[in-house]
Amino acid sequence: MMVMALLLACQSKKKIPDVSGIVVKLQTERFEKDFFSIDTLQMDTALQHLRKLHPGFTEDFLFNILATSSDSAENDSRLFIRSYRDMYLASQQKLKDFTVVEAAVKKGLQFVKYYFPGYRLPERLITFIGPINSYGNIITPNALAVGLQVYLGKDYPLYLSSQGQQMYPTFISRRFEPEYIPVNCMKNIIDDIYPDQTMGKPLVEQMVEAGKRQYVLDKLLPETADTLKTGYTKQQLDGCYASEKNIWSFFLQNDMLYSTDPNLSRDYMNDAPNTQALGEASPGNIGQFVGTQIVNRWMEKQKDISLEALLHTPAKKIFEEARYKPR
């Protein structure tokens, strides 16, 4: 049975709001079960029935995820079912008790409604099996869709194969666990509430923008382990806290903060096995950690500021007012 990681790690000192009274209507649809159960000898009738069971998403799946066309949908669907049946069966075993994931997503949505009352919550949580190189998480106007092909556990044989490692090296595939589903769903919602604002900005502002998102994510999933929310291993996260002063000094001494060089940003703001300049034990995307610490420092100085106001506060203003200096 899958065990969700719900650890109280490095949490804010503020009391977690009680959201138990917030009503969230969330219907779970196991699209992959209906899709892999269709009669491949009567594909036209079967796909029409699928459209009635899953209105809207069936078209998204066929034409955006499978990337088929009206003329080839039947043949492509038949071939996909044959090719991916073993993966489908593995997903049903790995996520046999999906209620744990559903409960975590629903709890996250209660916090979304608490902090962003004007946001229209998705009402459907749809699971599917897509091509291995396809989407893992999608947000639509009324649904969160989860591609189970990237949540079968870090030891799933395909991930460890040479083909799998070419697409998803170990530093990525180690996060292909069901525990990451609620985290990635909430990240999608944050992106929907506040689209990316980093293009062309100096490195320090990109860090702060990432920090804003991490701060909000922590509020939406306050009982979820920080390792899941950051994507770092425990050793990497502990190392960041232990070396926080040195990490900050590295950026200062190398005069990087105001650089707009995209190659530099890539080295410190993108996912990677580590940050090469800081050693093998460091995490990739270390700018996220620095930005989160800056935002934490700034928020400590604020009084009753909403998360929405935080997101819309210019990164430059946050950095300048935070006067960040690791203790």
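Treat the numbers as computed from the prediction; the structure is a model and nothing was measured.

Definitions and cut-offs
- Along each chain, numbering runs from 1 in the same order as the chain's sequence is written.
- Per-residue local features of the predicted model are confined to residues with pLDDT of at least 70, and side-chain atom pairs are confined, for both listing and counting, to 80 or more; whole-chain, interface and lining totals are unaffected and use all residues.
- Processing note: side-chain calculations cover all non-hydrogen atoms of the structure and skip hydrogens and water entirely.
- The numbering of helices and of strands both runs from the N terminus, where a helix is a DSSP run of H or I of at least 4 residues and a strand a run of E of at least 2.
- Note that the radius of gyration is over C-alpha atoms, with the globule rule given as 2.2 Å times the number of residues to the power 0.38.
- Accessibility here uses a 1.4 Å probe with only protein chains present; expressed as a share of the type maximum, an area under 20% marks a residue as buried, one over 50% as exposed, and anything in between as partly exposed.
- Contact definition: two residues touch when any of their heavy atoms are within 4.5 Å.
- We get accessible surface area from the Shrake-Rupley algorithm with a probe of 1.4 Å; when it comes to residues, only the shown protein chains can shield them.
- When charges are counted, Lys and Arg contribute as positive and Asp and Glu as negative, whereas His and the chain ends are disregarded.
- Throughout, a charge is located at the NZ atom of Lys, the CZ atom of Arg, the CG atom of Asp or the CD atom of Glu.
- Pairing between two strands is assigned when DSSP locates at least 2 bridges connecting them.
- For helices, the fitted axis covers only the stretch in contact; all axes are lines through C-alpha atoms, and the angles between them, taken along N-to-C directions, range from 0 to 180 degrees.
- Only Phe, Tyr and Trp rings take part, Trp by its six-membered ring, and two of them pair if their centres are within 6.5 Å. Stacked means planes under 30 degrees apart, edge-to-face means over 60, and tilted covers everything else.
- Over a ring means this: the NZ of a Lys or the CZ of an Arg is within 6 Å of the ring centre and within 35 degrees of the ring normal.
- On a range of 0 to 100, pLDDT expresses the predictor's confidence in each residue.

A. Geometry of the overall build of the protein chain. Counting secondary structure elements, the protein chain contains 17 helices and 4 strands. Relative to the globule expectation of 20 Å for 327 residues, the C-alpha radius of gyration of the protein chain, 21 Å, shows essentially globular dimensions. Oriented by its inertia axes, the alpha-carbon framework of the protein chain measures out at about 65 × 50 × 40 Å. Within the span of the protein chain, comprising 327 residues, buried residues form 51% of the whole. In the protein chain, of all internal contacts separated by at least 6 residues, the share reaching a separation of at least 24 is 68%. Counting every atom, the protein chain has about 16,500 Å² of accessible surface; 50% of that belongs to carbon and sulfur. If the 38 positive side-chain charges of the protein chain are averaged to one point and the 38 negative ones to another, these points end up 6 Å apart.

B. Highlighting the sheet that holds strand E1 (residues 27-30). Strand order in the open sheet formed by 4 strands is E1-E2-E4-E3, with mixed pairing between adjacent strands. The open sheet is flanked by E1 and strand E3 (137-140), the only strands paired with a single partner. Averaged over all adjacent pairs, the angle separating strand axes in this sheet is 20 degrees, with direction ignored. Where E3 meets strand E4 (residues 143-147), 4 bridges bridge the pair, whose relative direction is antiparallel. Along E4, the bridge assignment pairs Thr140 with Ala143.

C. Structural detail: the packing of aromatic side chains. Per the stated rule, a full pass over the model turns up 25 aromatic pairs. Residues Phe57 and Phe61 carry aromatic rings whose centres are separated by 6.4 Å and whose planes lie at 40 degrees to one another, so their mutual orientation is tilted. Placement of the pair is Phe57 and Phe61 together in helix H3 (residues 57-65), with a separation of 4 residues, close to one helical turn. The same class applies to Phe57 as to Phe61, namely buried. Clustering of aromatic rings is evident, with ring pairs tying together Phe31, Phe35, Phe36, Phe57, Phe61, Phe80, Tyr84, Tyr88 and Phe128. Across the ring face of Phe98, the terminal group of Arg30 is positioned such that the distance to the ring centre comes to 4.9 Å.

D. Focus on the confidence of the model for the protein chain. With 96% of its residues at a pLDDT of 70 or more, the protein chain shows a mean pLDDT of 94. When the criterion is pLDDT under 50, residues 1-13 qualifies, and its contacts beyond four places in sequence or with other chains add up to 34 contacts.

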